[in-house]
Amino acid sequence: MTKILLSDPDKLHKIRKKQYETNQAYRLSFLDKKTKYYKKKFTTRRNCPVCNHKDSIILFKKDGGVFVKCKKCSMVYLNPVFKDKALIDYYKNNSDNQHLACIQSPKFYTSIYGAGISMINRKLKKKDLHILDVGCCSGFFLDMCKKINWQTIGLELNKTDIEIAQKNHEIWSTPLESIKTKKKFDVITFWDCFEHLKHPKKILTKCFGLLKKKGVIFFQIPNSDSFAAKILRDKCNMFDTIEHVNLFNKKSFNYLIKKSKYKLIKIKSVIDELNVTKKYLNYEDPYYGTTENLTKMNFLNEKNIHSNFLGYKLQILIQKK
Ligand SMILES: [Zn+2]
């Protein structure tokens, strides 16, 4: 199980890259043809979303967006960023086709989602948990939760995904910030979703009100300190200049939690991305092609990647104080 978890299958990248290319025309419609940046009417400037510091260094420009890194807490974020309305419209109409990825790589997803379930179970040690999965896509993860008798609710904005997910689960289709409910949850999960949300502190506050006493939040988020991201920079899929507005690393996530009403339970580096990185270092397209005939780079191994928190993603569990 761990083996699958640690190596992201190549075909998954092909789906991701194809999706990115499919959406490219729509993305380009936001571009100001003169400046080659996103049109000002769609975007707004901001301070660091974690520590509110003003100063940052520019990492790079990609498509029409600019990624910067906070000089204080090392958070990587898009600045300027799309206005809330523009982002919500985008998600409603653009499915990320996660359901196709799950269908094509069920082993990978069963394994990685299973790791999340284990992390939650180890902390809560309770049956029939009430779970809210934010950004539930087509509900693949919630399906797994239902099989172990958890009470499931999903939150999703995309019309295509809602249609699939609501066959098996109750689905809420408004942004988390505007949810009004008396329901309380043992666990709230954000699988590859938290990086899409512009206001992390507001989200944590909102979740606090939705969680039961000692409730937990599980995150899987891209790691801006990952070896793959640092090697590939603007060529890395992580840097999506519309959707991935906030890219955390261990330091900036700790900073976010430090002044909150949560305590950190566990933070773990997952998905080594070694095939992608090695292909790139071999002068090949990192996301296409085979991994045969790669120059041996034995010093790049899973152990070194994860023991240094250089994995492509972080899995994190925090609990209400
Ligand atoms: Zn900061």
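Note that the structure is a prediction, hence the values are computed from the model and not measured.

S.K.: Break down the overall build of the protein chain for me, citing the residues and quoting the values.
M.R.: When helices and strands are counted, the protein chain shows 13 helices and 13 strands. Relative to its length of 321 residues, the protein chain is compact, with a C-alpha radius of gyration of 19 Å against a globular reference of 20 Å. Seen through its principal axes, the protein chain has C-alpha atoms that stretch 50 × 45 × 40 Å. A burial count over the protein chain gives 41% of its 321 residues as buried.

S.K.: If you had to explain helix H6 (residues 106-124) to someone new, which residues and values would you point to?
M.R.: For H6, built from 19 residues, the straight-helix expectation of 27 Å at 1.5 Å per residue is met to within 8% by its first-to-last C-alpha distance of 26 Å. Inspection of H6 places Tyr 109, Ile 112, Tyr 113, Gly 116 and Ile 120 among the buried residues, and these make up the whole buried set. Projected down its long axis, H6 shows its buried positions confined to an angular sector of 90°, all on one face. Opposite the buried face of H6, at more than 90 degrees from it, the exposed residues are Lys 107, Ser 118 and Arg 122. Of the residues flanking the end of H6, it is Lys 125, one or two places downstream, whose phi is positive at about 45°.

S.K.: An account of helix H7 (residues 140-147) is requested, with residue identities and associated values reported.
M.R.: All of the buried residues along H7 are Phe 140, Phe 141, Leu 142 and Cys 145. Just downstream of H7 lies Asn 149, where phi reads positive at about 70°.

S.K.: Describe the sheet that holds strand S11 (residues 246-247), listing the residues and the values that go with them.
M.R.: Ordered by their spatial adjacency, four strands build an open sheet running S2-S3-S4-S11, and the pairing between neighbours is antiparallel. The outermost strands of the open sheet, each flanked by one partner alone, are strand S2 (56-62) and S11. Here S2 pairs with strand S3 (residues 65-70) via six bridges, running antiparallel. Bridge pairing in S3 places Ile 57 opposite Lys 69.

S.K.: So what's going on with unusual backbone geometry? Which residues, and what values?
M.R.: Cis geometry is found at the peptide bond from Asn 79 to Pro 80, where omega equals 5°. Locating Pro 80 in the fold gives a position in the loop between strand S4 (76-78) and strand S5 (81-82). Here the phi dihedral of Lys 125 falls at roughly 45°; this positive angle occurs in a residue that is not glycine. Within the chain, Ile 271 stands out as a residue other than glycine whose phi angle is a positive 65°. Position of Ile 271 among the secondary structure elements: in the loop between strand S12 (262-270) and helix H12 (274-281). The exposure class of Ile 271 is buried, given the 25 C-beta atoms found within 10 Å.

S.K.: Can you lay out the environment of Pro 175 for me, pointing to particular residues and giving the numbers?
M.R.: Within the fold, Pro 175 resides in the loop between strand S8 (170-172) and strand S9 (185-191). The spatial distance from the C-alpha of Pro 175 to the C-alpha of Leu 197 is 9.8 Å, given a sequence separation of 22 residues. Ignoring any residue separated from it by four or fewer positions in sequence, one finds Pro 175 in contact with Ile 88 and Leu 157.

S.K.: Please set out the nonpolar core residue by residue, giving values where relevant.
M.R.: Membership of the largest hydrophobic core comes to 79 residues, with the highest contact counts inside it found for Met 75, Val 187 and Ile 188. Here this core gets six residues from one element, more than from any other, and that element is strand S10 (residues 211-222). Each residue touching Met 75, except ones within four places of it in the same chain, is listed here: Cys 48, Pro 49, Val 50, Cys 70, Asn 246, Phe 248 and Ser 252.

S.K.: So what about the sheet that holds S9? Which residues, and what values?
M.R.: Here seven strands make up an open sheet; going across it, the order is S8-S7-S6-S9-S10-S13-S12 and the pairing mixed. Taken across any chain shown, the strands that pair with only one partner, and hence form the sheet edges, are S8 and S12. Ignoring strand direction, the axes of neighbouring strands in this sheet form an average angle of 20°. Where S10 and strand S13 (residues 313-320) come together, seven bridges link them in antiparallel fashion.

The rules behind each value
- Residues numbered from 1 in each chain as written.
- Predicted model: local features only at pLDDT ≥ 70, side-chain atom pairs only at ≥ 80, totals over all residues.
- Helix = DSSP H or I, 4+ residues; strand = E, 2+ residues; numbered from the N terminus.
- Rg over C-alpha atoms; globule rule 2.2 N^0.38 Å.
- Buried ≥ 20, exposed ≤ 12 C-beta atoms within 10 Å, placed from the backbone.
- Expected span 1.5 Å × (residues − 1).
- Arc of directions from axis to C-beta.
- Pairing = 2+ DSSP bridges.
- Contact = placed C-beta atoms within 7 Å.
- Core = buried A, V, L, I, M, F, W, Y, C linked by C-beta atoms within 7 Å.
- Axes fitted to C-alpha atoms, helices over the stretch in contact; angles between N-to-C directions.

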